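The chain contents come next:
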Amino acid sequence: MQCDKLWTNARLATFAGEGLGIVDRGAIACRDGLIQYAGPIDQMPRLDAVEIIDCADRWITPGLIDCHTHLVHGADRAAEFEMRLAGASYAQIAQAGGGIVSTMRATRSASEADLVASALPRLDALIAEGVTTVEVKSGYGLERDSELRMLQAARRLGQERPVHIVTSFLGAHALPPEYAGDADAYIAMLCDVLLPDVAAAGLADAVDAFCEGIGFSREQTHRLFLAARRHGLPVKLHAEQLSNQHGAQLAAEHGALSADHLEHLDDDGIAAMARAGTIATLLPGAYYFMRETRLPPIAALRQAGVPIAIATDCNPGTAPLTSLLLAMNMGATLFRLTVEECLTGVTRNAARALGLAHRIGTLEPGKCCDLAIWDIERPAELVYRMGFNPLHARIWSGQ
Ligand code: DI6
Ligand code: FE
């Protein structure tokens, strides 16, 4: 048999099946961008490789997956950060015209090229840590053209860099000023006008919403999800971040890929997620940056067997974070996740949170040959260090 590339003399964490799937003396063969073999060297079928790469006993994991970001947006909110340090609250800043709506203004006035240019350094920071797939949400345009432009900019990122970009339409992120006092009318516009346009243009891989006291109600989210399903789009939800709106339960009842944040999730929500196979995406960077104190119900999620993913939530307001390695460290330190949970959360389970478990997230034959090769002695080092990047090489689709 013939293969394009063969990485030998490596230690593998394949994440195939349960756990880390460790192989002490491993090899990975790639053909046409897909993994042809990943496993012990001594069980590998005879392969003629065009190129052989000796990994000198380094570790190989699947390329990392950041399954929840708001990477594309206009401007930053460093000035608001300073206001918060001086004592202002997130809600006070939002009421004073800051918050999501200030990013909305900056995003509306940015061209597609501006949005791409400002997102690229953030994307490059993720890529530099071995990330090979990034989910990107809209939600700072909050009107037709700007929402479409954000999604187009997100798709463009995938042409500018060797990375899989997965998009989510988050028109229901905040209420734009044009609809002040009439969230129902805004949701109706999303369902009847914007979502059909987004779907027709093939710009969204999923539909997301912010179900919250300061966001949209369960009922409004339900209407949006029904519309999403009419267009054949899977759903996911920002749920139970600041209060318990029973959004995760609703999301699960719609077969959601994931429910995200979840600090205020209750037992009914957990049971519904477990039944539906909805992934719990935890965002410790937002928890840290907002100095939250209420932990997501980790023990109960574990007990119920709800798979956990971890993401950066990279956004200008609540998580200006572009390090998935640091997100893992925060997951362990702040949320008391195990090393295995953290690593699974940015590989196998992150792939599931995007509905892409058949293509990415593990080192198995037939999957994309997305690899991160690390200068480490044990996988725990990827979670343990803060602000140190042990990436040796990153392979995307075999390149
Ligand atoms: N939840 C969040 O924490 C962010 N969006 C969301 O739905 C906040 C985004 C921002 O403040 O810009
Ligand atoms: Fe978010």
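A brief look at the structure comes next. Just so we're clear, the structure is a prediction, and the values are computed from it rather than from any experiment.

**A closer look at the sheet that holds strand 7 (residues 131-137)**
In a beta sheet, neighbouring strands pair by backbone hydrogen bonds and run either parallel or antiparallel.
So, point 1. An order of 6-7-8-9-10-11-12-13 is seen for the eight strands of this open sheet, with the pairing classed as parallel. In this open sheet, the two edge strands, each paired with only one partner strand, are strand 6 (64-66) and strand 13 (308-310). Going from strand to strand, the sheet's axes swing by 25° on average, the running direction of each strand aside.
So, point 2. Both strand 10 (residues 236-239) and strand 11 (residues 258-261) contribute to a ladder of four bridges, which runs parallel. The residue of strand 11 that forms the bridge with K236 is S258.
So, point 3. Sheet strands in contact with helix 5 (residues 144-160) are strand 7 and strand 8 (164-172), and its direction is about 170° off that of strand 8.

**Notes on helix 4 (residues 112-127)**
One turn of the α-helix equals 3.6 residues, which is why residues spaced by three or four share an orientation.
So, point 1. Compared with an ideal rise of 1.5 Å per residue, which puts 16 residues at 22 Å, helix 4 spans 21 Å between its outermost C-alpha atoms and is within 8% of the ideal.
So, point 2. Where helix 4 is concerned, the buried positions are L115, V116, A119, L120, R122, L123, L126 and I127.
So, point 3. Of the surrounding elements, those touching the buried residues of helix 4 are strand 6, helix 3 (100-108), strand 7, helix 5, helix 12 (324-333) and strand 15 (391-395).

**Brief notes about the coordination of the iron ion (ligand 2)**
So, point 1. Protein coordination of the iron ion (ligand 2) is provided by H68 (NE2), H70 (NE2), H238 (NE2) and D313 (OD), with donor distances spanning 2.1 to 2.2 Å.
So, point 2. For the iron ion (ligand 2), the four donor atoms are set out with angles of 82 to 165° between them, so the coordination reads as irregular.
So, point 3. Read from N- to C-terminus, the donor residues coordinating the iron ion (ligand 2) fall into the pattern H-x1-H-x167-H-x74-D. With H68 in the loop between strand 6 and helix 1 (78-85) and D313 in the loop between strand 13 and helix 12, this pair connects stretches of sequence that are 245 residues apart.
So, point 4. The exposure class assigned to H68 is buried, which follows from its relative accessible area of 0%.

**Brief notes about the packing of helix 6 (residues 183-200) against helix 7 (residues 218-230)**
So, point 1. With their axes 10 Å apart at the nearest point, helix 6 and helix 7 run at an angle of 5° to one another. Looking at the two axes, helix 6 sits roughly parallel to helix 7. Only Q220, R223, L224, A227 and A228 of helix 7 make contact with helix 6, whose side of the interface consists of A183, D184, I187, L190, C191 and L195.
So, point 2. When its residues are assigned to classes, the contact of helix 6 with helix 7 shows eight nonpolar, one polar and two charged.

**Quick word on the environment of A96**
So, point 1. As for its position among the elements, A96 is in the loop between helix 2 (90-95) and helix 3.
So, point 2. Residue A96 is classed as exposed on the basis of its relative accessible area of 67%.
So, point 3. Separated by 103 residues in the primary sequence, A96 and A199 place their C-alpha atoms 34 Å from one another.

**Structural notes on the pattern of salt bridges**
So, point 1. For the coordinates displayed, the defined rule picks out 18 salt bridges.
So, point 2. Where D57 meets R11, a salt bridge forms, and the shortest distance between an N and an O atom there is 3.8 Å. Here the residue D57 occupies a position in the loop between strand 4 (48-54) and strand 5 (59-62), and R11 occupies one in strand 1 (residues 2-13), the gap between them amounting to 46 residues.
So, point 3. Take D57: its relative accessible area is 37%, and that puts it in the partly exposed class.
So, point 4. Taking the relative accessible area as the measure of exposure, R11 reaches 12% and is therefore buried.
So, point 5. The residue D197 makes a salt bridge to R144 at a minimum N-O spacing of 2.7 Å. Residue D197 is located in helix 6, and its partner R144 is located in helix 5; the two are separated by 53 residues in the primary sequence.

**Comments concerning helix 5**
So, point 1. Look at helix 5: 24 Å from first C-alpha to last across 17 residues, which is about the 24 Å you get at 1.5 Å a residue.
So, point 2. Taken together, the buried positions of helix 5 are S146, E147, L148, R149, M150, L151, A153, A154 and L157.
So, point 3. Structurally, helix 5 contributes buried residues whose contacts are with helix 3, helix 4, strand 7, strand 8 and helix 6.

**Focus: the packing of helix 5 against helix 6**
So, point 1. The N-to-C vectors of helix 5 and helix 6 enclose an angle of 30°; their axes lie 10 Å apart at closest approach. Viewed along their axes, helix 5 and helix 6 adopt a mutual orientation that is roughly parallel. Of the two elements, helix 5 crosses helix 6, and the hand of that crossing is right-handed. Note on element contacts: helix 6 touches helix 5 through L194, D197 and V198, opposite R144, E147, L148 and L151.
So, point 2. Residue classes in the contact of helix 5 with helix 6 are distributed as four nonpolar, no polar and three charged.

**Topic: the packing of aromatic side chains**
So, point 1. Enumeration over the complete set of coordinates arrives at four aromatic pairs.
So, point 2. Arranged with centres 5.0 Å apart and planes meeting at 80°, the rings of Y287 and F335 form a pair that is edge-to-face. Taken together, the residues Y287 in helix 10 (residues 284-289) and F335 in the loop between helix 12 and helix 13 (339-345) connect sequence positions 48 residues apart.
So, point 3. The class of F335 is buried, set by a relative accessible area of 2%.

**Observations regarding unusual backbone geometry**
So, point 1. Not every positive phi belongs to a glycine, and A56 is a case in point at roughly 50°.
So, point 2. Residue position: A56 is located in the loop between strand 4 and strand 5.
So, point 3. Exposure remark for A56: the relative accessible area of 49% places this residue in the partly exposed category.
So, point 4. For D57, which is not a glycine, the phi torsion comes out positive at approximately 75°.

What counts and what doesn't
- Residues numbered from 1 in each chain as written.
- Chains lettered and ligands numbered in written order.
- Predicted model: local features only at pLDDT ≥ 70, side-chain atom pairs only at ≥ 80, totals over all residues.
- Heavy atoms only, no water.
- Pairing = 2+ DSSP bridges.
- Helix = DSSP H or I, 4+ residues; strand = E, 2+ residues; numbered from the N terminus.
- Axes fitted to C-alpha atoms, helices over the stretch in contact; angles between N-to-C directions.
- Contact = heavy atoms within 4.5 Å.
- Expected span 1.5 Å × (residues − 1).
- Buried < 20%, exposed > 50% of the residue type's maximum accessible area, 1.4 Å probe, protein only.
- Donors = N, O, S within 2.8 Å, 3.2 Å for Na, K, Ca; no water.
- Tetrahedral: all angles 85-135°; square planar, octahedral: opposite > 155°, others 65-115°.
- Parallel < 35°, antiparallel > 145°, perpendicular 65-115°, else oblique.
- Nonpolar A, V, L, I, M, F, W, Y, C, P; charged D, E, K, R; others polar.
- Salt bridge = Lys/Arg side-chain N within 4 Å of Asp/Glu carboxyl O.
- Left-handed = near helix turned anticlockwise from the far one by under 90°.
- Phe/Tyr/Trp six-rings, centres within 6.5 Å; stacked < 30°, edge-to-face > 60°.

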